[in-house]
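Overview (structure and organization)
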Amino acid sequence: MSEFLVSLFGERLVNSEKAEVDVQSLGAKLSLVGLFFGCSLNAPCKQFNGSLCEFYTRFKKACEHKDKLEIVFISSDQDQKHWQDFLQEMPWPALPFKDRHKKMKLWNKYKVTSIPSLVFVDASTGKVVCRNGLLVVRDDPKGLEFPWGPKPFAEVVAGPLLRNNRQTADGTSLEGHYVGVYFSAHWCPPCRSLTRVLVESYQTVKEAGQKFEIVFVSADRSEESFKQYFSEMPWLAVPYSDEGRRSRLNRLYGIQGIPTLILLDTEGHMISRQGRVEVLNDPECRLFPWHPRPVLELSESNAVQLHEGPCLVLFVDAEEEGELEPAKELIQPIAEKIMAKYKAKEEEMPLLFLWLESSRSSLPTTWENDAGFSCHTPRAGSGCSAAFSECSFQALGSDGCTLPRDDMSDSLRDYTNLPEAAPLLTILDMSARAKYVRDVEEITPAEVEQFVNDFLAEKLKPEPI
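No experiment lies behind these values; they were computed from the predicted model shown.

1. A short note on the overall build of the chain
What the chain contains, in helices and strands, is 14 helices and 21 strands. Residues classed as buried in the chain amount to 54% of the 465 residues present. Restricting the contact set of the chain to residue pairs at least 6 apart, pairs at least 24 apart contribute 65%. Accessible surface, the chain as shown: approximately 21,100 Å² in total, 47% of it carbon and sulfur.

What follows is the structure, given as structure tokens:
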């Protein structure tokens, strides 16, 4: 176990007294590590840190599992004094301030898209046990449910569900159905836009005779708003008054932003976390039940994925007829291989595979609202660290996250300072403000595979964005 933790954090952490902490000395009984991603200048992080300190102190003092848990702070501070002052408030260790490389690896590995974030991982394997530790701290203040592992969907959703005609159904009615668990709210403009599309997709799938149901899990601020929003939906919902069940579903799927559509198979196992992208990219529902595809076209509907981790992007010049399919086939083999490898390990892919044709629409931006959910819409945002911002292009533009409304390919090239060549093979890591460009005379599947393998083995030197 200690060897794995060393590979995750390095040999040394630091504590509030500026003393080094030997990672191998964290304890033989340790089974769970909470990764606290935060920033000293972020007000929600400061507030959550107080709650987490109380939780941690209580857990270490009274819980029978006190030796099985440790927390490690992963900072996105840009100023060392601010970081040090924040660390003074914490009874747990942190990654050293200067170890930016490991911070970014952890950020990408665990798909953190907003702060504060607390991700509980298995201390011996690094696999995610619970993505939404913020809800653990709120809902289980005494740590009685340790280690907060995932429960079956059927168990978590059990209970009465509503329809907008005031009729009710039981959670058992979902058995044998494909299910979309829809986290959304009326106050979120992209949620309302997605809902309109999703209603049409839902009706199309149902008319085709498929066993498909959607369960709305509201993030509305009042029951009145919930009722107004739910009146537009033909599917089921968890009662707004059942805050405990809504919270447990958020916790089960580690919801960090809305709208989010989780897709489940007929046995309640996850098909995809990217239901929003799949539905928007397939308006005729030909690909239902929307299993993940190795390669996607980069479009306005899925551009948000650029800020969820490193992405291989192949820029394609398809002005001449017949060029598009051969270009896509350059990245298909390695994408399929990577997907199969990480599916067998029950881990998320470390790299997304996208292609981009010229003359597409512009990219959306992201902001985080005061309810703590990320919401994708054009609005200038602010954050304590552009490198760890929720906004894909906050890390690129000096003016916040405003993006010019011109061609998507040109916009992305401009913001990442990429050459105009096509085809062009790149890997973009927005959160790290890093890019990797494969400069070869001819792009072949073998070149693409070597490029990907070198990136995953950390053999490539990044260029700044």
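2. Re the side chain of Gln305
You can see Gln305 is positioned in the loop between β14 (296–297) and β15 (311–316). Gln305 gets classed as buried once you look at its relative accessible area, which sits at 5%. In this structure, Gln305 is in contact with Gln274, Val277, Leu296, Cys311 and Leu352, ignoring residues within four places of it in sequence.

3. Overview of the sheet that holds β15
As summarised here, the arrangement of the six strands in space is β14-β16-β15-β19-β20-β21, forming an open sheet in which the pairing is mixed. Edge positions in the sheet fall to β14 and β21 (463–464), since each of these pairs with one other strand and no more. Sheet analysis places β15 next to strand β19 (residues 424–429), joined by five bridges and oriented antiparallel. Its bridge partner lying in β19, Phe315 is registered against Leu424.

4. Points about the pairing of strand β10 (residues 212–218)
A large share of β10 lies buried, amounting to seven of its seven residues. Pairing between strand β9 (residues 178–184) and β10: seven bridges, direction parallel. Pairing of Gly180 across the sheet is with Ile214, part of β10. Regarding topology, helix α7 (residues 189–207) serves as the crossover connection from β9 to the parallel β10, and that connection is right-handed. The pairing of β10 with strand β11 (residues 236–237) spans two bridges and is parallel. Across the sheet, the residue bridging to Val215 is Leu236, located in β11. A crossover links β10 with its parallel partner β11, the connecting element being helix α8 (residues 223–230), and its sense is right-handed.

5. Here's the deal with the sheet that holds strand β5 (residues 117–122)
Strand order in this open sheet of four strands is β4-β3-β5-β6, and the pairing throughout is mixed. Each of the sheet's edge strands pairs with one partner strand only, and the pair in question is β4 (69–75) and β6 (128–130). Each strand of the sheet is rotated relative to its neighbour by a mean of 35°, with strand direction disregarded. As paired elements, strand β3 (residues 32–38) and β5 share six bridges and run antiparallel to each other. Note that in β5 the partner of Phe37 across the bridge is Ser117. Strands in contact with helix α2 (residues 43–62) are β3, β4 and β5; relative to β4, the strand with the most contacts, it is inclined by about 160°.

6. Thoughts on the nonpolar core
Residues Tyr182 and Tyr253 are the most contacted members of the largest nonpolar core, which totals 48 residues. When residues of this core are traced back to their parent elements, those giving at least two are α6 (153–157), β9, α7, β10, α8, β11, α9 (243–253) and β12 (260–264). The contact partners of Tyr253, leaving out residues within four places of it in the chain, are Arg131, Phe153, Val181, Phe183, Ile262, Leu264, Met270 and Arg273. Cys53, Trp92, Val129 and Phe146 belong to the second largest nonpolar core, which has 28 residues in total.

7. Thoughts on the packing of helix α12 (residues 332–344) against helix α14 (residues 445–456)
At their nearest, the axes of α12 and α14 sit 8 Å apart, and the two run at 40° to each other. As the angle between them shows, α12 and α14 are arranged oblique. Crossing handedness for the pair α12 and α14: right-handed. The residues of α14 that touch α12, namely those facing Ile334, Lys337 and Ile338, are Val448, Glu449, Val452, Asn453 and Leu456. Along the lines of polarity and charge, the residues of the contact of α12 with α14 split into five nonpolar, one polar and two charged.

8. Some points on the packing of helix α1 (residues 2–9) against helix α4 (residues 100–109)
One can describe the packing of α1 onto α4 by two numbers: an axis separation of 9 Å at closest approach and a directional angle of 105°. Viewed along their axes, α1 and α4 adopt a mutual orientation that is roughly perpendicular. Where α1 abuts α4, its residues Ser7, Leu8 and Phe9 lie against Lys102, Leu106 and Lys109. Looking at side-chain class alone, the contact of α1 with α4 contains three nonpolar, one polar and two charged residues.

Criteria and thresholds
- Per-chain numbering applies: the sequence of each chain, read as written, is numbered from 1 onward.
- Confidence filtering applies because this is a predicted model: local features only for residues at pLDDT of at least 70, side-chain atom pairs given and counted only at 80 or more, and all residues used for totals across whole chains, interfaces and linings.
- Side-chain metrics in this entry use all non-hydrogen atoms of the structure; hydrogen atoms and water are not considered.
- In this text, helices come from DSSP runs of H or I with a minimum length of four residues, and strands from runs of E with a minimum of two, each type numbered from the N-terminal end.
- Buried, partly exposed and exposed residues are distinguished by accessible area as a fraction of the type maximum, computed with a 1.4 Å probe on protein chains only: under 20%, between the cut-offs, and over 50%, respectively.
- Throughout, a residue-residue contact means that at least one pair of heavy atoms, one from each residue, lies within 4.5 Å.
- Only the protein chains shown count as cover for residues, and all accessible areas are computed by the Shrake-Rupley method using a 1.4 Å probe.
- Two strands qualify as a pair provided that DSSP identifies no fewer than 2 bridges between them.
- Handedness of a crossover: with both strands directed away from the viewer, a clockwise path from the first strand across the helix to the second marks it as right-handed.
- Axes here refer to lines fitted to C-alpha atoms; in helices the fit is confined to the stretch in contact. Angles between the N-to-C directions go from 0 to 180 degrees.
- In this description, a nonpolar core means a group of buried Ala, Val, Leu, Ile, Met, Phe, Trp, Tyr and Cys residues linked to one another through side-chain atoms lying within 4.5 Å.
- Relative orientations are named as follows: roughly parallel for angles under 35 degrees, roughly antiparallel for angles over 145 degrees, roughly perpendicular for angles from 65 to 115 degrees, and oblique for any other angle.
- Note on convention: near helix rotated counterclockwise from far helix by under a right angle means a left-handed crossing. Clockwise means right-handed.
- Three categories are distinguished: nonpolar for Ala, Val, Leu, Ile, Met, Phe, Trp, Tyr, Cys and Pro, charged for Asp, Glu, Lys and Arg, and polar for the others, with Gly belonging to the last.

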